[in-house]
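Chains, contacts and geometry: an overview
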Number of protein chains: 2
Amino acid sequence: MASGSSQSLKRRVQVERETGPVTQALTISIDAMGGDHGPAVVVPGVALALTRLQGRPVRFLLHGDAARIEAELARHPAVRPVVEIRHTDLVIAGDVKPAQALRRGKGSSLWNAVEAIRKGEADAALSAGNTGALMAISKLILRMAGDLDRPAIVASWPTLRGVTAVLDVGANIASDAAQLVEFAIMGEAFHRAVHGKPDARPTVGLLNVGSEDMKGHEEVREAHRLLREAGLDLDYRGFVEGDDISKGTVDVIVTDGFTGNVALKTAEGMARFFAAEMRAAFTGDLMSKLGALIASRALKAMKARLDPSSVNGGPLLGLKGVVVKSHGGADAAGFANAIKVAVDLAASDYATHTARNMQRLGDALRNLGPEASQSDSAMAERAS
Amino acid sequence: MASGSSQSLKRRVQVERETGPVTQALTISIDAMGGDHGPAVVVPGVALALTRLQGRPVRFLLHGDAARIEAELARHPAVRPVVEIRHTDLVIAGDVKPAQALRRGKGSSLWNAVEAIRKGEADAALSAGNTGALMAISKLILRMAGDLDRPAIVASWPTLRGVTAVLDVGANIASDAAQLVEFAIMGEAFHRAVHGKPDARPTVGLLNVGSEDMKGHEEVREAHRLLREAGLDLDYRGFVEGDDISKGTVDVIVTDGFTGNVALKTAEGMARFFAAEMRAAFTGDLMSKLGALIASRALKAMKARLDPSSVNGGPLLGLKGVVVKSHGGADAAGFANAIKVAVDLAASDYATHTARNMQRLGDALRNLGPEASQSDSAMAERAS
């Protein structure tokens, strides 16, 4: 027995040397009622994620209507062994305001999904439900890790060179310099955990309207200074512009939630515009139709690559815990991607890496002089 | 003689009744040395514009190297009768800083092009040269008409429903509520003059991160209030989001120069991304190549529609005079479009319409209470 145990330990050390630490089974806590389709997308999404995770040990808590979840599980028997249903009748509707969700959402599928993290039952929570409610409830239950008012939302943006993480895309309307640097720290750790390649450090850029040091308003210039001088463990490359997002110039692009939200939605609008133009171009005459028919495989491949569901799963960063938001309209493939994001984040050293850089930022803010903490009042000055 | 003159007057009144006021010949003052190609694009651009203007009486002052301009004119003899060359040896390079251009640019082709407006020799100025220099020199020579620090740049954005004017896209980094309303006033008058249809009032929206009254930061909420309550003569439709730009939800979209610049460049990046994806999709295999070949006409039509040169010509709004910036890399067709924009603006009631609304805004700012003029200090408050 002792010898067997010793052999098992040896084998474990061996495995660690080959593949890194052996991960314990992770538990992902899912709001099974969220999104446009509820369990009808969540359960097939879990099934798809299981095959993609290729044997990585993951369990799931599914919060919601037990009967509806069971009905879906009957169609996906492979999922049954790794799933635990947590029944609740209460569901937060998509149009409920965050304040209302806080007052009346306790015990709902969304609430319970997040609560499982606090109870130590789960390593990450995932919902395709009401974004405002998810943010408010997550903040209440888990609290913020840094100085942000609310969690930052990160978008995984398909680019010519891979995926660029853009944040914040909607939660924090105004951001001072220190908060922009917090986005950089969290975004870098996120990219490393979810989109990163082994032994490659993500590169980070700050969104501005030009590349010279004097461009932009006070907050971005001060954040630029902090990112260069605060001694953070990240590969900061300076200012980038809007067209650098799709180029993939850097792996992480930092901006305030107002600008980030406008940029993301502008890009979504452009994607729809291009799709419509392409449809129009290919239905113009018989030859075009024939061409489109022949090229349909290529067009399908292109559409798949541009499909937002292929990069679905936006974590709410800045919380003491991993919470991931899936698009409400995501299909099973998109939901599976969001599961993958939750698993990758929970399995990574995101929390420790982020905490270390946050510590350095705090030290720098104390040492680098008063400008760093005065950017709120500096907002009143018009940059020129 | 008297009778002939009287008949001519009658005829003129007749024409006015039929087609609106008879326009006097307009004079467009052009920096012939600006942009990547100088006279080699400017002169063919003028030739193309002449055919497009279909007999509308327009004259051109071409500022720059007389020998180079003459050489191009020799290839476009139809242009000769409507052109006057104003020789200068001095050219402002593309990389010169605005401050330097102000100090040393006097007498340059760009400077003289703008100066002609002040001298009363021209109705509009046009340059494909250094944007910063054009803004600084125009502001110095012509002065600002309203309260803006610097001219606003408007982008004519192709949409599913036509062209939407988006401003500011880069000049004013931070904008208070009153300035955002000035953008609305100028953008509406611009759209009416350049992209408008007879008897249709342009609709106006304010760019935000949601459509409810309480969304966004203090400046957009206060601008929203002013636009609804200031009694302006414009069709304000409320908040719009980033994806409304390409949708063409409204004809004019107002935002600060930082957000506008990021949105425009993000869209440019997306356009390049789509073009690259499309090339990749259609070179994947033999069938795709064949499909692309057959559909090439459709693809060409689509490319033409998305070509930025088809909507080239961004006026600098807010000056006492019409100044239009062409893309530095525009071809003759693009430059001809910029000429058309200058002609349409100069021939329109842009100035009087704008002045009337500016007057109303001024009255409203005095009457609507202190909030309206306090938005500078309100910038320091974090919107939540």
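All figures in this text were calculated on a predicted structure; none of them were measured in a lab.

Conventions used here
Residues numbered from 1 in each chain as written. Chains lettered and ligands numbered in written order. Predicted model: local features only at pLDDT ≥ 70, side-chain atom pairs only at ≥ 80, totals over all residues. Heavy atoms only, no water. Helix = DSSP H or I, 4+ residues; strand = E, 2+ residues; numbered from the N terminus. Buried < 20%, exposed > 50% of the residue type's maximum accessible area, 1.4 Å probe, protein only. Contact = heavy atoms within 4.5 Å. Areas by Shrake-Rupley, 256 points an atom, 1.4 Å probe, with all protein chains shown as cover. Phe/Tyr/Trp six-rings, centres within 6.5 Å; stacked < 30°, edge-to-face > 60°. Domains from an automatic or database assignment. Buried area = accessible area lost by both parts, 1.4 Å probe. Salt bridge = Lys/Arg side-chain N within 4 Å of Asp/Glu carboxyl O. Polar contact = N/O pair within 3.5 Å; in protein donor to acceptor, adjacent residues only side chain to side chain. Nonpolar A, V, L, I, M, F, W, Y, C, P; charged D, E, K, R; others polar. Axes fitted to C-alpha atoms, helices over the stretch in contact; angles between N-to-C directions. Parallel < 35°, antiparallel > 145°, perpendicular 65-115°, else oblique. Left-handed = near helix turned anticlockwise from the far one by under 90°. Patch = residues over 30% accessible without salt bridge, like charges linked within 9 Å, V, L, I, M, F, W, Y side chains within 5 Å. Pairing = 2+ DSSP bridges.

A word on the overall build of chain A. Each helix and strand in chain A was counted, giving 15 helices and 11 strands. Relative to its 384 residues, chain A shows a buried fraction of 54%. A fraction of 72% describes how many contacts in chain A between residues 6 or more apart in sequence connect residues 24 or more apart. Surface exposure of chain A reaches about 16,700 Å², of which carbon and sulfur atoms provide 52%.

It is worth spelling out the packing of aromatic side chains at this point. According to the stated counting rule, one finds 3 aromatic pairs over all chains in the structure shown. Ring centres 4.4 Å apart and planes at 15° place the aromatic pair Phe274(A) and Phe274(B) in the stacked group. With Phe274(A) in helix H10 (residues 257–281) and Phe274(B) in helix H10 (residues 257–281), the pair connects residues from two separate chains. For Phe274(A), a relative accessible area of 8% corresponds to the buried category. Between the aromatic rings of Phe273(B) and Phe274(B), the centroid separation amounts to 6.1 Å while the plane-to-plane angle is 75°, which identifies the pairing as edge-to-face. An aromatic cluster is defined as three or more aromatic residues linked by ring pairs; in this entry it consists of Phe273(A), Phe274(A), Phe273(B) and Phe274(B).

The residue Arg356(B) is located in helix H14 (residues 350–367) in this model. In sequence terms Arg356(B) and Ile185(B) are 171 residues apart; their C-alpha atoms lie 9.5 Å from each other.

Glancing now at the domain arrangement of chain A. Residues and elements named next belong to chain A. Once the domains are mapped, chain A shows domain 1 (1–143 + 319–332) and domain 2 (146–313 + 349–384). Each side of the interface is counted separately: domain 1 has 10 residues, and domain 2 has 8 residues. Both faces considered, domain 1 and domain 2 share a buried interface measuring about 720 Å² in area, 66% of it formed by carbon and sulfur atoms. Counting the contacts that link domain 1 with domain 2 gives 0 salt bridges. Applying the counting criterion to the domain 1 and domain 2 interface returns 0 residue pairs in polar contact (both at pLDDT 80 or more). Looking at the side of domain 1 that touches domain 2, the elements that each hand over two or more residues are helix H6 (131–142) and strand S11 (322–325). For the side of domain 1 that touches domain 2, a count of residues per class yields 4 nonpolar, 3 polar and 3 charged.

Let us now look at unusual backbone geometry. Residue Asp168(A) is reached from Leu167(A) by a cis peptide bond, and omega for that bond is 0°. Look at Arg143(B): it is not a glycine, yet its phi comes out positive at around 70°. With respect to the helices and strands, Arg143(B) occurs in the loop between helix H6 (131–142) and strand S5 (152–159). Its relative accessible area of 56% is what places Arg143(B) among the exposed residues.

All names here are of chain A. Running from amino to carboxyl end, helix H2 (residues 39–52) crosses helix H13 (residues 332–347) at an angle of 60°, the nearest separation of the two axes being 7 Å. The orientation of H2 relative to H13 falls into the category oblique. Judged by the sense of rotation from one axis to the other, the crossing of H2 with H13 is right-handed. On the side of H2, the interface is formed by Val-41, Val-42, Pro-44, Gly-45, Val-46, Leu-48, Ala-49 and Arg-52, while H13 contributes Ala-332, Ala-333, Phe-335, Ala-336, Asn-337 and Ile-339. The residue makeup of the contact of H2 with H13, split by class, is 11 nonpolar, 2 polar and 1 charged.

Our focus in this paragraph is a nonpolar patch on the surface. Taken together, the side chains of Met287(A), Leu290(A) and Leu293(A) define a hydrophobic patch exposed on the protein surface, amounting to about 300 Å² of accessible area. Judged by its relative accessible area of 40%, Leu290(A) is partly exposed.

Residues and elements named next belong to chain B. Within strand S8 (residues 235–240), 5 of the 6 residues are buried, which leaves the element mostly enclosed by the surrounding structure. Sheet topology note: the strand S7 (residues 203–207)/S8 ladder contains 4 bridges and is parallel. Following the sheet pairing, Thr-203 is matched in S8 by Asp-235.

What follows concerns the environment of Val341(A). Residues and elements named next belong to chain A. On the secondary structure map, Val-341 appears in helix H13. Judged by its relative accessible area of 6%, Val-341 falls in the buried class. C-alpha separation for the pair Val-341 and Ala-122, spaced 219 residues apart in sequence, amounts to 15 Å.

Before going further, it helps to examine the sheet that holds S8(B). All names here are of chain B. Judged by pairing direction, the sheet is mixed, and its 11 strands sit side by side in the order S3-S2-S1-S4-S11-S10-S5-S6-S9-S7-S8 without closing on themselves. Two strands in the sheet have a free side with no partner beyond their single neighbour: strand S3 (83–87) and S8. Sheet twist, expressed as the mean angle between neighbouring strand axes with direction ignored, is 25°. Relative to strand S10 (residues 314–317), S5 runs antiparallel, the two being bridged by 2 bridges. Bridging across to S10, Ile-153 finds its partner in Leu-316. Contacts between helix H2 (residues 39–52) and the sheet are confined to strand S1 (26–31) and strand S2 (58–64), with S2 contributing the most and set at about 175° to the helix. Across the face of the sheet, H6 comes into contact with strand S4 (124–127), S5, S10 and strand S11 (322–325) while running at roughly 175° to S11.

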